[in-house]
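Next come the chains, spelled out residue by residue.
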Amino acid sequence: FATTQMLGISLSLFCGILMSRLITDVYMNRQRHFKYFTKFSQFIFKHPQFKFIEYRKIAYIISVVVLVGGIASFFNGFNKGVEFKGGRSYTIQFADKVNPEAIRDKLKEALDGDNPVIKTVGDYRHLDITTSFMKGVGNADSVVEARLFTALKDQLPAGTTQEQFSKNNIQSSQVVQPVISKDLERGAILAVIFSMIAIVGYILLRFRDWRYSVGTILSLVHDVLVTLIIFSFLKNIVPFPLEIDQYFIAAVLTVVGYSMNDTVIIFDRIRENSNDPLLVNKSKTELINLSINETLSRTIMTSLTTFLTILALFIFGGEVTRGFAFVMLLGIITGTYSSIFVATPILMEFSKHRPLGSLRRKAASAKKKTAVSTVKS
């Protein structure tokens, strides 16, 4: 997944920077012009003047609720996937191709509600089934194999006995030890922490101002906490499994990157406007509102197109990817919200006593000297 994601980002940059520019130049050289707005989008996006910063106190209240809920989620607990709680793994061979999704419900019923991880091995005649059913119980292999046989016997040749199933169809089995699970859990936590540290370093290098890093990191923590709250308190409510597994970690890291990208777009515009001589006399509130409104069309269109794509994956992708897609859907919504209502208000709070942008700092310094001179006079 990580390799595919990195290749996808690289190809996206290549197409966005080079190919789209090339196509645009060819089109424009023929004396043609692009229409960037429909009548509907022109009405909404062309000159938006929403006052986002004025609602920051409400956003702060929501953020406090999210923080409390995030802490409470650790006490409420999570449903952990097999990778993080251990179990047993079986490689099972079938005479004909089978549909993993078709047997998932039967396996779940036979294993007392446990959500097994099902993967194809080579082709659809071999499945790798990992379950935490009777995890940690000694001498339970025969019981687990009996439950597997009960769930899978419809996919086996008529007359197959449990003994034949264990001897001929189960090609290999292994126990996923708790030690391995702890290593995976530790690696997942380190991955999230390392990504946060790397993001802070990137923001510092890009903006040369620690205040941008504070706003970014708090918005990312906000996004992660919202996800944890949903996975903790809705784990037994929604009709699909919400488990902390490797899909979840991959989705959280993707959401962190997506949210940061959205935040950086807004921060870039704030930095540009902070150094614009025509805007030097605007207040911080007006400047930040203007910057958010100027990037609003890009924010909404990018978020909406990504949301629709992930929604299709959530609906048609099957049970295996549903949890991953659900995290992504949540992340798109919370990432868009936090970029506007968490990151930028935090940036404003930290810039009360020190203006943003070198031009505004010089203007503030000159105004201060003028005021001092007036007092002395």
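**Things to note about the overall build of the chain**
Item 1. A tally of regular secondary structure across the chain gives 14 helices and six strands.
Item 2. Partitioning the intrachain contacts of the chain with sequence separation of at least 6 by distance along the chain shows that 76% fall at a separation of at least 24.
Item 3. Summed over all atoms, the accessible surface of the chain reaches about 21,800 Å², with 63% contributed by carbon and sulfur.

**Here we look at the environment of Leu218**
Item 1. One can find Leu218 in helix α9 (residues 210–233).
Item 2. Taking relative accessible area as the criterion, Leu218 reaches 38% and is therefore assigned partly exposed.
Item 3. Between the C-alpha atom of Leu218 and that of Ser338, which follows or precedes it by 120 residues, the distance is 8.8 Å.
Item 4. With sequence-adjacent residues up to four places away left out, Leu218 is seen in contact with Val342 and Ile346.

**Some points on the packing of aromatic side chains**
In this description, a pair of aromatic rings is defined by centroid distance and the angle of the planes.
Item 1. This structure, assessed with the given rule, holds 12 aromatic pairs.
Item 2. Ring pairs connect the aromatic residues Phe50, Phe52, Tyr337 and Phe341, which therefore count as one cluster.
Item 3. Seen from the ring of Phe314, Arg322 lies directly overhead, with NZ or CZ sitting 5.8 Å from the centre.

**Section: the confidence of the model for the chain**
Item 1. Confidence in the prediction for the chain averages 81 pLDDT; 88% of positions are at 70 or higher.
Item 2. Helix α14 (residues 358–376) is the least confidently modelled element of the chain, averaging 53 in pLDDT, while helix α3 (residues 56–76) averages 90, the highest of any element.

**Considerations on the nonpolar core**
Item 1. Among the nonpolar cores identified, the biggest contains 53 residues, and Phe248 and Phe326 are the most heavily contacted of them.
Item 2. Those elements that provide at least two residues to this core are α8 (178–207), α9, α10 (246–274), α11 (284–294), α12 (296–316) and α13 (319–350).
Item 3. In this view, Phe326 contacts Ile230, Phe231, Phe240, Leu242 and Phe314; residues no more than four positions away in its chain are not counted.
Item 4. Within the second largest apolar cluster, 20 residues are counted, among which are Ala110, Leu148, Leu156 and Ile170.

**Looking at the pattern of salt bridges**
Item 1. In total, this model carries 10 salt bridges according to the counting rule given.
Item 2. The salt bridge partner of Asp112 is Arg147, with a shortest N-O separation of 3.2 Å. Placement of Asp112 in the loop between α5 (100–110) and β3 (117–121) and of Arg147 in helix α6 (residues 141–152) is noted, with a sequence separation of 35 residues between them.
Item 3. Residue Asp262 is joined to Arg298 by a salt bridge in which the shortest nitrogen-to-oxygen separation is 2.9 Å. With Asp262 in helix α10 and Arg298 in helix α12, this residue pair connects regions lying 36 residues apart in the sequence.
Item 4. Among the residues examined, Asp262 registers a relative accessible area of 2% and is labelled buried.

**Remarks on the packing of α6 against helix α7 (residues 162–169)**
Pairs of packed helices are described in terms of their axes, by the angle between the two and the distance that separates them.
Item 1. Packing of α6 against α7 brings their axes to within 10 Å, and their N-to-C directions diverge by 100°. Between α6 and α7, the angle is such that the two are roughly perpendicular. Between α6 and α7, the residues in contact are Ser142, Glu145, Ala146, Leu148, Phe149 and Leu152 and Gln162, Phe165 and Ser166, respectively.
Item 2. Looking at the contact of α6 with α7 residue by residue, the class counts come to five nonpolar, three polar and one charged.

**Topic: unusual backbone geometry**
Item 1. At Arg208, a residue that is not glycine, the phi angle is positive and equals roughly 55°.
Item 2. Residue position: Arg208 is located in the loop between α8 and α9.
Item 3. Looking at Arg208, the relative accessible area reads 69%, which means it is exposed.

**A short note on the sheet that holds strand β2 (residues 87–93)**
Paired through backbone hydrogen bonds, the strands of a sheet run either parallel or antiparallel to each other.
Item 1. Pairing is antiparallel in the open sheet, where four strands are placed in the order β3-β4-β2-β5. In the strand order of this sheet, the two ends are held by β3 and β5 (170–176), each with one partner. Each adjacent strand pair in this sheet contributes to an overall mean axis angle of 20°, direction not counted.
Item 2. Relative to strand β4 (residues 123–131), β2 runs antiparallel, the two being bridged by six bridges. By the bridge assignment, Ile92 is partnered in β4 with Leu127.
Item 3. Packed on one face of the sheet, α6 meets β2, β4 and β5 and runs near 45° to β2.

**Describing the packing of α10 against α11**
Item 1. Viewed as axis vectors pointing N to C, α10 and α11 meet at an angle of 130°, and their least axial separation amounts to 9 Å. By the criterion of interaxial angle, the relationship of α10 to α11 is oblique. Both α10 and α11 take part in a crossing whose hand is right-handed. Taking contact as the criterion, the partners of Ile266, Arg269, Ile270, Asn273 and Ser274 in α10 are, on α11, Leu287, Ile288, Leu290, Ser291, Ile292 and Glu294.
Item 2. Here the contact of α10 with α11 is built from residues that sort into six nonpolar, three polar and two charged.

**Considerations on the pairing of β2**
Item 1. For β2, a buried count of six out of seven residues is recorded, marking the element as mostly surrounded by other parts of the structure.
Item 2. Looking at chain direction, β2 and β5 are connected through six bridges and run antiparallel. Bridged to Tyr90 within β5 is Ser173.

Reading the values: the criteria
- Residues numbered from 1 in each chain as written.
- Predicted model: local features only at pLDDT ≥ 70, side-chain atom pairs only at ≥ 80, totals over all residues.
- Heavy atoms only, no water.
- Helix = DSSP H or I, 4+ residues; strand = E, 2+ residues; numbered from the N terminus.
- Contact = heavy atoms within 4.5 Å.
- Areas by Shrake-Rupley, 256 points an atom, 1.4 Å probe, with all protein chains shown as cover.
- Buried < 20%, exposed > 50% of the residue type's maximum accessible area, 1.4 Å probe, protein only.
- Phe/Tyr/Trp six-rings, centres within 6.5 Å; stacked < 30°, edge-to-face > 60°.
- Lys NZ or Arg CZ within 6 Å of the ring centre and 35° of its normal.
- pLDDT = per-residue confidence, 0-100.
- Core = buried A, V, L, I, M, F, W, Y, C linked by side-chain atoms within 4.5 Å.
- Salt bridge = Lys/Arg side-chain N within 4 Å of Asp/Glu carboxyl O.
- Axes fitted to C-alpha atoms, helices over the stretch in contact; angles between N-to-C directions.
- Parallel < 35°, antiparallel > 145°, perpendicular 65-115°, else oblique.
- Nonpolar A, V, L, I, M, F, W, Y, C, P; charged D, E, K, R; others polar.
- Pairing = 2+ DSSP bridges.
- Left-handed = near helix turned anticlockwise from the far one by under 90°.

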